[in-house]
Amino acid sequence: MDWGMKNRLGRIIKGGRTVMLAIDHGYFLGPISKLEDPGKAVSQLIPFADALMPTRGVLRNCIDASADVPIVLRVSGGNSIVGKDLSREGITTSIEEAIRLNVSAVAFSIYVGAESEHQTLMAFSELVNQAERYGIPALAVTAVGKELEKRDARFLGLSCRIAAELGARFIKTYYCDNFEKVVEGTSVPLVIAGGPRMETDLDVLQVVSNAIKNGAAGVDMGRNVWQNERPVAMIKAIRAIVHENMDVADAHKLFLG
Ligand code: R5P
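The structure reproduced in this document is the subject of the present report. (Residues numbered from 1 in each chain as written. Predicted model: local features only at pLDDT ≥ 70, side-chain atom pairs only at ≥ 80, totals over all residues.)

A look at helix 7 (residues 153-166)
Helix length check: helix 7, at 14 residues, gives a terminal C-alpha distance of 19 Å against a target of 20 Å (1.5 Å per residue), a fit within 8%. Turning to helix 7, its buried residues number three or more, namely Phe155, Leu156, Gly157, Ser159, Cys160 and Ala163. In this fold, the buried residues of helix 7 make contact with strand 6 (105-110), strand 7 (138-142), strand 8 (170-173), helix 8 (179-184) and strand 9 (190-192). Once helix 7 ends, the next one or two residues include glycine 167, with phi positive near 115°. (Helix = DSSP H or I, 4+ residues; strand = E, 2+ residues; numbered from the N terminus. Expected span 1.5 Å × (residues − 1). Buried ≥ 20, exposed ≤ 12 C-beta atoms within 10 Å, placed from the backbone. Contact = placed C-beta atoms within 7 Å.)

Given below as C-alpha cells:
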C-alpha cells in the first residue's frame with residue numbers, strides 16, 4: 001500500500017480500531033432531530049471521534065476548519081426520503097473537491113439488490129478509480145434503504161464482499177447475527193452503523209461490544225450518539241469498548257457516570 005493511502009487509513013483506523021461519527025444524514029433525510037444544526041450537535045463530540053463523516057456542505061458551513069479530526073467525506077447522493085427510489089445515488093462531489101477539502105477518505109452508498117444496484121456499483125467503482133489515483137481510501141456503505149429487515153448476514157455478507165471486490169478500502173455496514181460470517185468473507189476492515197435510535201442505552205453498548213468481539217474494526221455511528229440525551233457520555237462509553245475492550249457493564253457504568 002502506498003504511503004499516502006496507509007497514512008490516511010491509519011489516521012482513521014488507529015491500532016486496528018476506530019470510532020467514527022456520522023453526521024451525513026441530511027443529504028437524504030433533511031434536518032432530522034438533533035442534527036438540525038450539525039455544528040452545534042458535534043462540537044463537543046469531535047474530541048472523542050477518530051473521524052467525522054459529513055457532506056461537503058456541512059463540512060464547509062458547520063465544522064471548524066482547525067478541528068483536528070480526519071474527514072471521511074460523503075460524496076454520494078441525489079435521492080431523498082420522499083423520492084420514489086432511495087437507491088438512486090450517484091457521485092455528488094468530485095475528487096478534486098475532496099482533495100481541496102483535505103479529506104482522509106471518501107464514502108459512497110451501494111445498494112445491492114435494489115433497482116439502482118448496477119448504477120451504484122458502477123459509480124462506486126468509478127469513485128475507487130478516481131480516489132486510488134490520489135491515495136485516498138474509498139469507504140463503501142452497504143445501504144438497505146427503507147428495508148431495515150434486510151440486515152442479515154446473507155445480505156450484508158454479499159454486499160460487503162462485492163464492495164471489497166470493487167476496491168473499497170474499508171466498509172460501513174450493520175451488525176447482525178452471525179456477523180463473523182460477514183467479516184470472514186470480507187478482506188477489508190468493517191465498521192458498523194447504528195441505524196435508528198435503539199430502545200435503551202445498554203442496547204447500543206451491547207451492539208458495539210458484540211460487533212467488536214465478532215471482528216468489527218469499530219463503528220461509524222450517528223443517531224445513537226447525537227440523539228442521546230448525554231451524547232458525550234455515550235461516545236466515551238463506545239470508545240472504551242472499541243479502544244479498550246471494556247465490557248458492556250463497565251461501559252454502561254462509565255456512561256452513567
Ligand atoms: C446512512 O447512510 C447515513 O448516511 C449514516 O451515515 C449512517 O446510517 C450512520 O448513522 P446511523 O448510526 O445514524 O445509522
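That shown, we press on.
Concerning the nonpolar core
Judged by nonpolar contacts, the single largest core of 84 residues is most densely connected at Val72, Val106, Phe108 and Leu139. Element by element, the count of residues in this core is highest for helix 11 (residues 231-244), at 7 residues. Excluding residues within four positions of it along the chain, valine 106 makes contact with Leu73, Val75, Ala98, Leu127, Ala131, Ile136, Ala138 and Leu139. (Core = buried A, V, L, I, M, F, W, Y, C linked by C-beta atoms within 7 Å.)

What about the packing of helix 9 (residues 201-213) against helix 12 (residues 248-256)?
Packing of helix 9 against helix 12 leaves a shortest axis separation of 10 Å and a crossing angle of 135°. With respect to their mutual orientation, helix 9 and helix 12 come out oblique. For the crossing formed where helix 9 meets helix 12, the hand is right-handed. The residues of helix 12 that touch helix 9, namely those facing Asp201, Leu202, Leu205, Gln206 and Ser209, are Val248, Ala251, His252 and Phe255. (Axes fitted to C-alpha atoms, helices over the stretch in contact; angles between N-to-C directions. Parallel < 35°, antiparallel > 145°, perpendicular 65-115°, else oblique. Left-handed = near helix turned anticlockwise from the far one by under 90°.)

Keep in mind these values describe shape, not function.
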